[in-house]
Amino acid sequence: MKKVLQVALGVVTGIGGFLEAGSIATAAQAGASFRYALIWAIALGTICLIFLVEMTGRLAAVSKHAIADAVRERFGFKFAVIPRVAEILVNVLVIAAEIGGVSLALKFITGIDVRVWAIPVTLLIWLAIWAGTLDFIEDTTSILGLVAFAFIVAAVKMHPDYHAVLRGLVPSAPRHDAAHYWFIAVGILGATISPYMFHFYGSGAIEDKWGEDSLGANRVTAALGMSFGAVMSVAVLVCAALVLAPRGIDVARYEQAALVLIPALGRWGLPLFAATLGVCCFGAAIEVSLATAYMVAQTLGWNWGENKKPDREARFSMTYIVMLLLGGTLLLTRIDPLKLTMFAMAITAVILPLIVMPFMLLLNDKTYVHEHTSGPIGNTVVVLTLLLASIVAIITIPLEILGGG
């Protein structure tokens, strides 16, 4: 029964935690600009994510090591610090984007400017981490995140062309604006395969004391949880394709994305969009902040743990406080939250090989995972996907900047 509950909670976590600022922004832009043509990017990213989440849980369950800890032990501190610095820099952008998402949700409800909400939201996120336990944070944000089912309800009510949706699973060359097409594609991959998820998931497994008897539940959780989360992301894309694309709205601002639920859900559309954006971004901001604290503590050999009192793990606690302060401060500038989100996701795609390749080596090292090494299919899918995402991102980011995107 315990394993069944673990799987059930994992699936709920996948549903409630998959969507966040990056997923919503990239899916909405994809649907508005290219209708169903970029569904394949969500599918490819999800397949890669399933393998990586399963690998993360397997490493934790078998070796009792989180990723950052194992990389430092296996390759040395000097090697480990390079990817960690890259992650910290990107995570500051991601945290700012998530705080921006919560602030925008509050703006939709109250009409008060985003920057007014930046500091109160940052403080509220800090309070949730400071006072909460890992289980409480995971359970609460995941269950509240089920409000994202509104996108599936809206998509079904608007009767999309399901054959066209299925055709979107097959990669195709863009018919127009190729640079923007590929920029959104790598943004989707960056939003889907977010490195912070591995640090959060693996460290949580260590805190929950997973053993080899958790491997089966870990596989099911990774497959079902991430797949259901991907369905939510596809639903956002479909809603944008049905509502925004026919009207020629390309989603240059979050306010335009907020329109996607109104035709199907009427006066409840905007509140439900705001609730989904707010809850999912709030949960993601907590996860990214904690993931960074886990990563830094494990790389530097500090004590760490969300389930312990903050004053017992002062350096761990100070790390997530600093990350939140940096993210909240960045949002106080006049940077556009949507553009910040899109570029944060694209840059995430650039650094993915740097982050994941050492991790992949660990999963094929019997010193750490014994007979539970990764198979050729998982290795091939992950390596090719990450290299594709990184190369395309490196090419398209300058083009997007020069094009004024």
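Scroll up for the structure.
Only a predicted model underlies this, so the values are computations on that prediction, with no experimental measurement involved. (Residues numbered from 1 in each chain as written. Predicted model: local features only at pLDDT ≥ 70, side-chain atom pairs only at ≥ 80, totals over all residues. Heavy atoms only, no water.)

(A) Looking closely at the overall build of the chain. Scanning the chain for helices and strands turns up 19 helices and 0 strands. Since a compact globule built from 405 residues should have a radius of gyration of about 22 Å, the 20 Å found for the chain is in line with a globular shape. Projected onto the principal axes, the alpha-carbon positions of the chain cover approximately 55 × 50 × 45 Å. The burial tally for the chain puts 58% of its 405 residues in the buried class. Contacts spanning at least 24 positions in sequence make up 84% of the contacts within the chain whose residues lie at least 6 apart. When the accessible surface of the chain is split by element, carbon and sulfur atoms take 70% of a total near 16200 Å². Of the charged side chains in the chain, 26 are positive and 26 negative, and the gap between their average positions amounts to 2 Å. (Helix = DSSP H or I, 4+ residues; strand = E, 2+ residues; numbered from the N terminus. Rg over C-alpha atoms; globule rule 2.2 N^0.38 Å. Buried < 20%, exposed > 50% of the residue type's maximum accessible area, 1.4 Å probe, protein only. Contact = heavy atoms within 4.5 Å. Areas by Shrake-Rupley, 256 points an atom, 1.4 Å probe, with all protein chains shown as cover. Lys, Arg positive; Asp, Glu negative; His and termini not counted. Charge placed at Lys NZ, Arg CZ, Asp CG, Glu CD.)

(B) Examining the environment of A349 more closely. By secondary structure assignment, the location of A349 is in helix α17 (residues 337–362). Judged by relative accessible area, A349 falls into the buried class, the value being 0%. Counting along the chain gives 159 residues from A349 to G190, while the straight-line C-alpha distance between them is 4.4 Å. When neighbours within four sequence positions are excluded, A349 is seen to be in contact with V186, G190, A389, S390 and A393.

(C) The nonpolar core, seen in detail. By size, the foremost hydrophobic cluster in this structure holds 136 residues, and its most contacted members are L38, L52 and F273. Element by element, the count of residues in this core is highest for helix α15 (residues 269–300), at 15 residues. Apart from residues no more than four positions distant in its own chain, L52 is found in contact with I193, F198, V356, F359, M360 and V382. (Core = buried A, V, L, I, M, F, W, Y, C linked by side-chain atoms within 4.5 Å.)

(D) Quick peek at the packing of helix α11 (residues 195–207) against α15. The interhelical angle for the contact between α11 and α15, taken along N-to-C directions, is 70°, at an axis separation of 8 Å. Regarding the angle of α11 to α15, the classification is roughly perpendicular. For the pair α11 and α15, contact is made by Y196, H199, F200, S203 and E207 and by A284, E287, V288, L290, A291, Y294, M295 and Q298, respectively. For the contact of α11 with α15, the per-class residue count stands at 8 nonpolar, 3 polar and 2 charged. (Axes fitted to C-alpha atoms, helices over the stretch in contact; angles between N-to-C directions. Parallel < 35°, antiparallel > 145°, perpendicular 65-115°, else oblique. Nonpolar A, V, L, I, M, F, W, Y, C, P; charged D, E, K, R; others polar.)

(E) Region of the structure containing a nonpolar patch on the surface. Nonpolar side chains collect at one region of the surface, where L387, I391, I395 and L399 lie side by side and expose about 360 Å² of accessible area between them. Looking at the secondary structure, you find L399 in helix α19 (residues 376–402). (Patch = residues over 30% accessible without salt bridge, like charges linked within 9 Å, V, L, I, M, F, W, Y side chains within 5 Å. Salt bridge = Lys/Arg side-chain N within 4 Å of Asp/Glu carboxyl O.)

(F) Spotlight on the pattern of salt bridges. In this structure the tally under the stated criterion is 6 salt bridges. In this structure, R72 and D69 form a salt bridge, with 2.9 Å as the shortest nitrogen-oxygen distance. One end of the pair, R72, and the other, D69, are both in helix α4 (residues 67–75), 3 residues apart, so they sit about a helical turn from each other. Salt-bridge contacts for E87 lead to R84; the nearest nitrogen and oxygen are separated by 2.8 Å. One end of the pair is E87 and the other is R84, both in helix α5 (residues 77–110) and 3 residues apart, which spans about a single turn. When its relative accessible area of 4% is taken as the criterion, R84 is described as buried.

(G) Quick look at helix α16 (residues 314–332). The end-to-end C-alpha distance of α16 is 27 Å, a good match for the 27 Å that 19 residues give at a rise of 1.5 Å each. Buried residues belonging to α16 abut α5, α6 (114–131) and α15. (Expected span 1.5 Å × (residues − 1).)

(H) Quick look at unusual backbone geometry. Although it is not a glycine, K64 adopts a positive phi angle of roughly 60°. K64 sits in the partly exposed class, given a relative accessible area of 48%. With a phi close to 55°, H370 is a non-glycine residue in the positive phi region. Among the secondary structure elements, H370 is positioned in the loop between α18 (366–369) and α19. Judged by its relative accessible area of 37%, H370 falls in the partly exposed class.

(I) Examining helix α3 (residues 39–63) more closely. When the terminal C-alpha atoms of α3 are compared, their 36 Å separation across 25 residues agrees well with the 36 Å that a helix rising 1.5 Å per residue should span. In terms of burial, α3 is largely enclosed, as 20 of its 25 residues are buried. Immediately beyond the C-terminal end of α3, within one or two residues, lies K64, with a positive phi of roughly 60°.

(J) Quick look at the packing of aromatic side chains. Under the counting rule described, the total for this entry stands at 13 aromatic pairs. Considering the side-chain rings of F316 and Y320, the 5.9 Å spacing of their centres and the 85° angle between planes classify their relative orientation as edge-to-face. Highlighted residues: F316 and Y320, both in helix α16, separated by 4 residues, approximately one helical turn. Here a set of aromatic residues connected by ring pairs shows up, and it is made of F34, W40, Y181 and W182. The cationic tip of R74 hangs over the ring face of F75; the distance from NZ or CZ to the ring centre is 5.0 Å. (Phe/Tyr/Trp six-rings, centres within 6.5 Å; stacked < 30°, edge-to-face > 60°. Lys NZ or Arg CZ within 6 Å of the ring centre and 35° of its normal.)

(K) Molecular detail of the state of the cysteines. Evaluation of the coordinates by the stated rule reveals 0 disulfides. The thiol of C280 is unpaired, and the distance to the nearest cysteine sulfur, on C281, comes to 7.0 Å. (Disulfide = S-S within 2.5 Å.)

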